[in-house]
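An overview of the molecular structure
Each chain, letter by letter, is given below.
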Amino acid sequence: MLCQNCQQRTANVHFTQIKNNTKLDIYLCEECAQEMSQQDFISPFGFNDLISGLFGAQLKQEPAVKLKCKNCGMEYDEFLKTSRLGCTQCYKAFADKLDPIVKRLHGNGEHHGKVPARVSSNVNINNEIDKLKQLLNEAIKDEKYEEAAKIRDRIKSLEVGQ
Amino acid sequence: MSKIPAEKGPEFDIAVSSRVRLARNFADIPFSAKMNTKQQADLIKRMQEIMSGFTVYGKLMFADMSTLHPVDRISLMERHLISPELADSKENSGAFINENENISIMVNEEDHLRVQSIFPGIQLEKAYKVCDEIDSLIAEKADYAFDDKYGYLTSCPTNIGTGMRASVMLHLPALVMTGYMKSILESCNKVGVTVRGIYGENSEAVGDMFQVSNQVTLGRKEEETIASIDGICKQIIDREKILRLQLYKKNINRFEDRIFRSYGILQNARILSSQESFKLLSDVRLGVSMGIINDIDIVTLNEAMVLSQPATLQKMSGKPLEQDERDIKRAELIRIKITK
């Protein structure tokens, strides 16, 4: 594809902007992109716009349904524009839409890092239980029933302790 | 004057500073986008109570954005103590900053809190340790927004998980001169590492200064992220060192000529734009770090770089300045600084 500005060089910089629910794609060559950013031309396509471009990439094929967080009143469309959620409950209210976004941003991982002191005991136990359940399944699959029984007892004791 | 460049850290001639920040929100109040003024004011009060007894790293003073002069705010931003977003905000936000200016806790930014620590040279582990300590102290006194799967919940999903951004500022003139910087940018992108200009988001590289930081915050432990950024930076530093020597050996006269010319201009110029001064300071910094210039210290150059920035410059002059006046003042301050 040729650069939309100079129409001469190959376009290798791609900008996406979502405005009023329409997606705007701009393809530029590196030289033009650099020149325009110096002239502040590209400043409206700041980091947030690029991020919301990423969030909004799934907008096209889906019908517009007004999703709203009951806790804080944040609308999903508003989040797409600002890339800011309104409260912790938004993560649950928009879970179906946010999960694929999170995968695109961070891959398939779940949190493995620090846990705040006040919730840590429960979360740590839950993590431990999850791990043991996985081991249990593997043990059953490998027909190691004695080991499986031990793991099952360990899970039970952890669940009772909670 | 910022205390940040006043001491040297490991690899200080290439690694200017290491910074770690944690994005944190409390569970009982909405995120910044949906907070009302009372909730914002209450949050500041809550943080003042929590931080009042914390003096391990010196007393933390609250820089209130609603009372601070715009020039002071931008100056804090230029010294990387607050974000551009916070410098722009007007009411009910601010930052707790210690006397050494290596700790800053921003309140009512994009997230309720941004706990940040900055050290000279490449010292990410140390910066993380300080953030971790402050973060644990806050967590003892109030409940954070936290989820088993997504970790620390943040206003923007780009920060969930650890909420941690670890970044190192690197001076890479040889990689820029030889054009290798482009391939570094590309390969860093592939492994989830961002490289950008010194002011962070939306900024071009100024004075061959680049900020290397992690992109991904979910699925990796804090220590793993710190280790990978640390490792990547050390590799970049090694490559920069090799290229510096190659460039020097290829044409010693031309190399020294460029550096001494830049030094000469800085010592004698009467008008300097910020762009020009950054370029010249970058050359001189390269010369000092390679032992070509011996009568000036890297720390002095770091200081000259900080005070060349528009707001810090005006703060030093004690009054707002027009651009022409700034360029004259900048030339004067740099001249005094480096010919002392």
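Structural notes, computed from the coordinates. Computed from a predicted structure; not experimentally measured.

Here we take up the overall build of chain A. In terms of helices and strands, chain A carries seven helices and two strands. Going from N to C terminus, chain A has its helices and strands arranged as β-β-α-α-α-α-α-α-α. Within chain A, the proportion of its 162 residues that are buried is 36%. Restricting to contacts in chain A with at least 6 residues of sequence separation, those with at least 24 account for 40%. Surface summary for chain A: the accessible area is close to 10,200 Å², and the carbon and sulfur share equals 49%.

Let's shift gears to the interface of chain B and chain A. Listed by partner, the interface residues are 46 residues for chain B and 38 residues for chain A. Summed over both partners, the interface of chain B with chain A buries about 3,400 Å², with 58% contributed by carbon and sulfur atoms. Looking at the side of chain B facing chain A, the largest losses of area belong to Lys34(B), Asp148(B) and Pro157(B), adding up to 17% of the total buried there. Counting across the chain B and chain A interface gives six salt bridges. Between Glu78(A) and Lys34(B) there is a salt bridge; the shortest N-O distance is 3.6 Å. On inspection of chain B and its partner chain A, the count reaches 16 residue pairs in polar contact (both at pLDDT 80 or more). When residues of the side of chain B that touches chain A are traced back to their parent elements, those giving at least two are α4 (124–141), β6 (146–147) and β7 (151–152) of chain B. Broken down by element, the residue count for the side of chain B that touches chain A peaks at seven residues, all from α4(B). In terms of residue class, the side of chain B that touches chain A is built from 17 nonpolar, twelve polar and 17 charged.

What follows is about the pattern of salt bridges. Counting across every chain of the model gives 24 salt bridges over all chains. Among the salt bridges present, the one from Arg24(B) reaches Asp135(B), with a minimum N-O distance of 2.8 Å. With Arg24(B) in strand β1 (residues 15–24) and Asp135(B) in helix α4, the pair connects residues that are 111 residues apart, well separated along the chain. The buried category is assigned to Arg24(B), whose relative accessible area is 1%. Through salt bridges with shared partners, one network takes in Arg84(A), Glu85(B), Glu109(B), Glu110(B), Asp111(B) and Arg114(B).

For the rest of this paragraph, the subject is the pairing of strand β5 (residues 113–120) of chain B. All names here are of chain B. β5 sits mainly inside the fold: eight of its eight residues count as buried. With burial as the criterion, each face of β5 is covered, one bearing Leu113, Val115, Ser117 and Phe119 and the other bearing Arg114, Gln116, Ile118 and Pro120. When β1 meets β5, the two strands line up antiparallel, connected through eight bridges. Within the sheet, the bridge partner assigned to alanine 23 lies in β5 and is arginine 114. With five bridges joining them, strand β4 (residues 103–107) and β5 adopt antiparallel strand pairing.

We now examine the nonpolar core. Residue and element names in this part refer to chain B. One finds Met47, Met51, Ile105, Ile138 and Leu170 to be the most contacted residues of the largest nonpolar core, which totals 57 residues. Counting residues per element, this core draws most heavily on α4, at nine residues. The residues touching leucine 170, leaving out its near neighbours within four places in the chain, are Ile14, Ala15, Asp208, Met209, Phe210, Val212, Cys233, Ile236 and Ile237. If you look at the next biggest cluster of nonpolar residues, it comprises 26 residues, including Val206, Leu280, Leu281 and Ile296.

Thresholds applied
- Residues numbered from 1 in each chain as written.
- Chains lettered and ligands numbered in written order.
- Predicted model: local features only at pLDDT ≥ 70, side-chain atom pairs only at ≥ 80, totals over all residues.
- Heavy atoms only, no water.
- Helix = DSSP H or I, 4+ residues; strand = E, 2+ residues; numbered from the N terminus.
- Buried < 20%, exposed > 50% of the residue type's maximum accessible area, 1.4 Å probe, protein only.
- Contact = heavy atoms within 4.5 Å.
- Areas by Shrake-Rupley, 256 points an atom, 1.4 Å probe, with all protein chains shown as cover.
- Buried area = accessible area lost by both parts, 1.4 Å probe.
- Salt bridge = Lys/Arg side-chain N within 4 Å of Asp/Glu carboxyl O.
- Polar contact = N/O pair within 3.5 Å; in protein donor to acceptor, adjacent residues only side chain to side chain.
- Nonpolar A, V, L, I, M, F, W, Y, C, P; charged D, E, K, R; others polar.
- Pairing = 2+ DSSP bridges.
- Core = buried A, V, L, I, M, F, W, Y, C linked by side-chain atoms within 4.5 Å.

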